[in-house]
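So the chains spell out like this:
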There are 2 protein chains.
Amino acid sequence: MIDQLIARIQKTNAPIVVGLDPTMKFVPEHIKKAVFAEYGQTLRGAAEAIYLFNRGIVDAVCDLVPAVKPQIAMYEQFGTEGLIAYQKTVAYCKQKGLIVIADVKRGDIGSTSEAYAVAHLGRVAVGEKTYAPFDADFATVNPYLGSDGVKPFLKVCQEEKKGIFVLVKTSNPSSGEFQDQLVDGRPLYEVVGEKVAQWGEACMGERYSYVGAVVGATYPEQGRILRRLMPKAFILVPGYGAQGGKGADLVHFFNEDGLGAIVNSSRGIIAAYQQEKYARFGEMNYADASRQAVLDMREDIAQALDRR
Amino acid sequence: MIDQLIARIQKTNAPIVVGLDPTMKFVPEHIKKAVFAEYGQTLRGAAEAIYLFNRGIVDAVCDLVPAVKPQIAMYEQFGTEGLIAYQKTVAYCKQKGLIVIADVKRGDIGSTSEAYAVAHLGRVAVGEKTYAPFDADFATVNPYLGSDGVKPFLKVCQEEKKGIFVLVKTSNPSSGEFQDQLVDGRPLYEVVGEKVAQWGEACMGERYSYVGAVVGATYPEQGRILRRLMPKAFILVPGYGAQGGKGADLVHFFNEDGLGAIVNSSRGIIAAYQQEKYARFGEMNYADASRQAVLDMREDIAQALDRR
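Residues numbered from 1 in each chain as written. Chains lettered and ligands numbered in written order. Predicted model: local features only at pLDDT ≥ 70, side-chain atom pairs only at ≥ 80, totals over all residues.

**Considerations on the overall build of chain A**
For clarity, the cut-off: Comment: elements are numbered from the N terminus, with helices defined as DSSP H or I runs of at least four residues and strands as E runs of at least two. A pair of residues counts as a contact when their C-beta atoms, built from backbone coordinates, are within 7 Å of each other.
Assigned secondary structure in chain A consists of 13 helices and 12 strands. With the principal axes as the frame, chain A shows a C-alpha extent of 60 × 55 × 35 Å. A separation of at least 24 residues holds for 71% of the contacts in chain A among residues at least 6 apart in sequence.

See the structure below:
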């Protein structure tokens, strides 16, 4: 799957992943009005609203980008109805030819991580039958529990030809509280980064491993160091746009071959129509605003890579 | 809610939480046969099977223990049908007077953690209405992202009078890989433990904080240190029984007042009938075996606390 991701990045010339993190305040009024008329102001109604909102964006950007990253929390907050919308979103994106990175940040002790890996990337047995419950292509994984918590994901990835991105240095302001603690003079995220490189060695695609890392765009200096420490790991880079990461910050996350990173933008793309810059599209044409935001982001990254 | 948890521990004289982590191989044949006859070998069938299995155990132990801890991964592996079974399990346990600790190990950047907190402990707005999607009493939280990722849970806990248990030192063999890394001469789990104590100061019940910690029974020495470091934090102790933790190991997790810890057992209780020790109950009476396993665990802990 990492090879497919790379092929699509090269085909689209866009190392971009669109974060499908819908909230009700991003959903245009005309969608809310229609679904509430049908389902009422219910969890089902909210779930339908975010699913329809997603579909609009996916239709508008699917030829421009290789991948999407639904953040499952945004669906989980609407309970099981929300998770049905999540599942439908994953299926719709795959049908549109997009690679789906499930931003689930799961991680637990061995037997439990195995259940999560099965849920999001694998297949579960029921009697003599098997089912692929959520069936994403990649998942994000929290490493706090160590190898035990990560290895069940690797096993499923090997079987299913899928991949993971392990949290190494996250994009949020307080990520340093534990991740930057110095261990023998170097920050914990480097220790985790080395483990990612090590786990990834047995999980190679053609040029890159299918064990990747999450490193926030908001920490470009750390990105530069981690890029060298994990040369074969693809880096999923959140924090561009709304969280403050800029195009120029991104160059450190890429290798000399122009590959090795894929940059996420969520709000900056899916709620573009709410920004002054894209207000001209209007709420009805929210998806066109998203398309323009992707084009602008592609240009921003290309320019930054050209300038380096 | 922490005060209610303490009151129920005192009433039952059992600092025990039953881990509702069902897998298909724990579910007795007669339950599987009945649900597969009705729903086929489908995800719905699996979900109904684990829900019925849980009900049997809950009915058998609800007068003996204060709380249950469903591990959501075991439900998530059956997709949205499994999560409906999870939701029904939470509701059924609460109806039976049990406190529900959602073992979800969620944690993300601020806005995303907020969505998780809302999903599992709080209420979400849809138009002018609000809903409590999963509505547990406590949730487990992964601290790797730092305060940003934890504080949204604290906010919801304050509003809803609920609580969290933050992963500090987990029970699995490789938990030391990152958690034991030395930071200025002391392990990272102590740094996290201090943070738990600090977050908990503003979140006090009568005697204990509703910001608790997860510390594995498999690491009693570390439990002793953490007990002192977080005197007001209730410790949720997994790893007893099947994972190797023994009664004698547990004494360090309790304060002098006999409180401060609640010990989880999952397989050791819910799959007791599959152990030689409880085989006499037979598969049909699996719930009676679970009841006996709870009685034995209560005795084991009481003896260990008496001996100290």
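**So, the nonpolar core**
Nonpolar side chains in soluble globular proteins generally cluster together in the buried interior. Condition: What we call a nonpolar core is a set of buried Ala, Val, Leu, Ile, Met, Phe, Trp, Tyr and Cys residues whose membership is set by joining through C-beta atoms within 7 Å. Neighbour density around each residue's C-beta defines its exposure: 20 or more other C-beta atoms within 10 Å make it buried, 12 or fewer make it exposed, and counts between make it partly exposed, where C-beta atoms are placed from the backbone.
Counting residues in hydrophobic clusters, the biggest one holds 224 residues, and the most contacted among them are Val166, Ala213 and Val237 of chain A together with Val166, Ala213 and Val237 of chain B. Leave out the neighbours within four places in its chain, and valine 166 of chain B touches Val141, Pro143, Val150, Val196, Val211, Ala213 and Val214 of chain B.

**So, helix α9 (residues 188-201) of chain B**
All names here are of chain B. Basically, it comes down to this: Every helix has an expected span of 1.5 Å times one less than the residues it contains.
Along its 14 residues, α9 runs 20 Å from first to last C-alpha, staying within 8% of the 20 Å computed at 1.5 Å per residue. Along α9, 10 of the 14 residues are buried, which leaves the element largely enclosed by surrounding structure. Turning to α9, its buried residues number three or more, namely Leu188, Tyr189, Glu190, Val191, Val192, Gly193, Lys195, Val196, Trp199 and Gly200.

**Some thoughts on the pairing of strand β7 (residues 163-169) of chain B**
Residue and element names in this part refer to chain B. To keep things clear, this is the line we draw: Handedness of a crossover is defined as follows: orient the strands so they point away from the viewer, and if the path from the first strand over the helix to the second runs clockwise, the crossover is right-handed. Should DSSP find at least two bridges between two strands, the strands are regarded as paired.
With seven of its seven residues buried, β7 lies for the most part within the structure. Taken together, strand β6 (residues 138-141), helix α7 (residues 147-160) and β7 form a β-α-β motif whose crossover is right-handed. The pairing of β7 with strand β10 (residues 209-215) spans five bridges and is classified as parallel. Looking at the pairing, leucine 167 lines up with valine 214 of β10.

**As for the packing of helix α6 (residues 110-120) of chain A against helix α7 (residues 147-160) of chain A**
Residues and elements named next belong to chain A. To keep it simple, the criterion reads: For every element, the axis is a line fit to its C-alpha atoms; helices are fit only across the contacting stretch, and the angle between N-to-C directions ranges from 0 to 180 degrees. By convention, the crossing between two helices is left-handed when the near helix turns anticlockwise from the far helix through less than a right angle, and right-handed when the turn is clockwise. Residue polarity follows a fixed list, in which Ala, Val, Leu, Ile, Met, Phe, Trp, Tyr, Cys and Pro are nonpolar, Asp, Glu, Lys and Arg are charged, and the others, Gly among them, are polar.
Axis separation between α6 and α7 bottoms out at 8 Å; the angle between their running directions is 35°. α7 is crossed by α6, and the crossing has right-handed handedness. Only Asp148, Gly149, Pro152, Phe153 and Val156 of α7 make contact with α6, whose side of the interface consists of Gly110, Ser113, Glu114, Ala117 and Val118. Each residue belonging to the contact of α6 with α7 can be placed in one class, and the counts come to five nonpolar, three polar and two charged.

**Observations regarding the interface of chain B and chain A**
Between chain B and chain A, the contact holds 60 residues from the first and 59 residues from the second. For the side of chain B that touches chain A, the element with the most residues is helix α6 (residues 110-120) of chain B, which contributes six residues. Of the residues that constitute the side of chain B that touches chain A, the class distribution is 30 nonpolar, 23 polar and seven charged.

**A closer look at the pairing of strand β2 (residues 67-70) of chain B**
Residues and elements named next belong to chain B. Here β2 shows a buried face lined by Ala67 and Lys69 and a second buried face lined by Val68 and Pro70. Of the strand pairs in this sheet, β2 and strand β3 (residues 99-106) are connected by two bridges, and their pairing is parallel. The partner of valine 68 across the bridge, within β3, is valine 100.

**Observations concerning the sheet that holds strand β6 (residues 138-141) of chain A**
Residues and elements named next belong to chain A. Spatially, β1-β2-β3-β6-β7-β10-β11-β12 is the arrangement adopted by the eight strands of the closed barrel, whose pairing is parallel. The average angle at which neighbouring strand axes cross in this sheet is 30°, direction not considered. Where strand β10 (residues 209-215) meets strand β11 (residues 233-237), three bridges bridge the pair, whose relative direction is parallel. Each bridged residue has a counterpart across the sheet, and for alanine 213 the counterpart in β11 is isoleucine 235. Contacts between helix α1 (residues 2-12) and the sheet are confined to β2 (67-70), β3 (99-106), β7 (163-169), β10, β11 and β12 (261-265), with β3 contributing the most and set at about 125° to the helix.

**As for the sheet that holds β7 of chain B**
All names here are of chain B. An order of β1-β2-β3-β6-β7-β10-β11-β12 is seen for the eight strands of this closed barrel, with the pairing classed as parallel. Mean inter-strand twist for the sheet, computed between neighbouring axes without regard to direction, equals 30°. Note that β6 and β7 share four bridges and pair parallel. Bridge pairing links threonine 140 to phenylalanine 165 in β7. Those strands touched by α7 are β6, β7 and β10, and its axis lies near 150° from that of β7.

**Topic: unusual backbone geometry**
A positive phi is found at aspartate 184 of chain A, a non-glycine position, where the angle reads about 50°. Here aspartate 184 of chain A is to be found in the loop between β8 (182-183) and β9 (186-187). Given 9 C-beta atoms within 10 Å, aspartate 184 of chain A falls into the exposed group. Phi angles above zero are rare outside glycine, and asparagine 13 of chain B is one such case at about 55°. Relative to the helices and strands, asparagine 13 of chain B resides in the loop between α1 (2-12) and β1 (16-20).

**A few points about the relation of the copies chain B and chain A**
How we decide: Superposing copies: least-squares fit, C-alpha atoms only, residues required to have pLDDT of at least 70 in both.
When chain B is brought onto chain A, the operation consists of a screw motion whose angular component is 180° and whose axial shift is 0.0 Å, with 0.0 Å RMSD remaining. The superposition of one copy onto the other is thereby described by a two-fold rotation axis. Nearest to the rotation axis, the C-alpha of valine 183 of chain B is located 2.6 Å from it, this being the minimum over chain B. Taken together, the interface assignments show that 98% of the residues at the interface of chain B recur at the interface of chain A, consistent with an identical surface on both copies.

**Overview of the packing of helix α3 (residues 43-61) of chain A against helix α5 (residues 79-95) of chain A**
Residue and element names in this part refer to chain A. As a reminder of what qualifies: Note on terminology: angles under 35 degrees are roughly parallel, angles over 145 are roughly antiparallel, angles of 65 to 115 are roughly perpendicular, and the others are oblique.
Across the interface, α3 lies against α5 with an axial gap of 8 Å and an inter-helix angle of 20°. Here α5 runs roughly parallel to α3, going by the angle between their axes. As for how α3 packs across α5, the hand of that crossing is right-handed. Along the contact surface, α3 presents Leu43, Arg44, Ala46, Ala47, Ile50, Tyr51, Asn54, Arg55 and Val58, while α5 presents Gly79, Glu81, Gly82, Ile84, Ala85, Lys88, Thr89, Tyr92 and Cys93. Considering only residue class, the contact of α3 with α5 consists of 10 nonpolar, four polar and four charged.

**Some points on α6 of chain A**
Where burial is concerned, most of α6 of chain A is hidden: nine out of the 11 residues are buried. Restricting attention to buried positions, one finds in α6 of chain A the residues Thr112, Ser113, Glu114, Ala115, Tyr116, Ala117, Val118, Ala119 and His120 of chain A. Buried positions along α6 of chain A lie against β3, β4 (124-126), β6 and α7 of chain A together with α4 (73-76) of chain B.

**Description of the environment of arginine 224 of chain B**
All names here are of chain B. Within the secondary structure, arginine 224 is located in helix α10 (residues 220-229). By C-beta crowding, arginine 224 is classed as partly exposed, having 14 other C-beta atoms within 10 Å. Sequence spacing of arginine 224 and asparagine 255 is 31 residues, and the spatial spacing of their C-alpha atoms is 9.6 Å.

**Focus on the environment of alanine 302 of chain A**
All names here are of chain A. For alanine 302, the position within the fold is in helix α13 (residues 286-307). Residue alanine 302 is classed as partly exposed on the basis of its C-beta count, with 15 C-beta atoms lying within 10 Å. Separated by 297 residues in sequence, alanine 302 and leucine 5 place their C-alpha atoms 18 Å apart.

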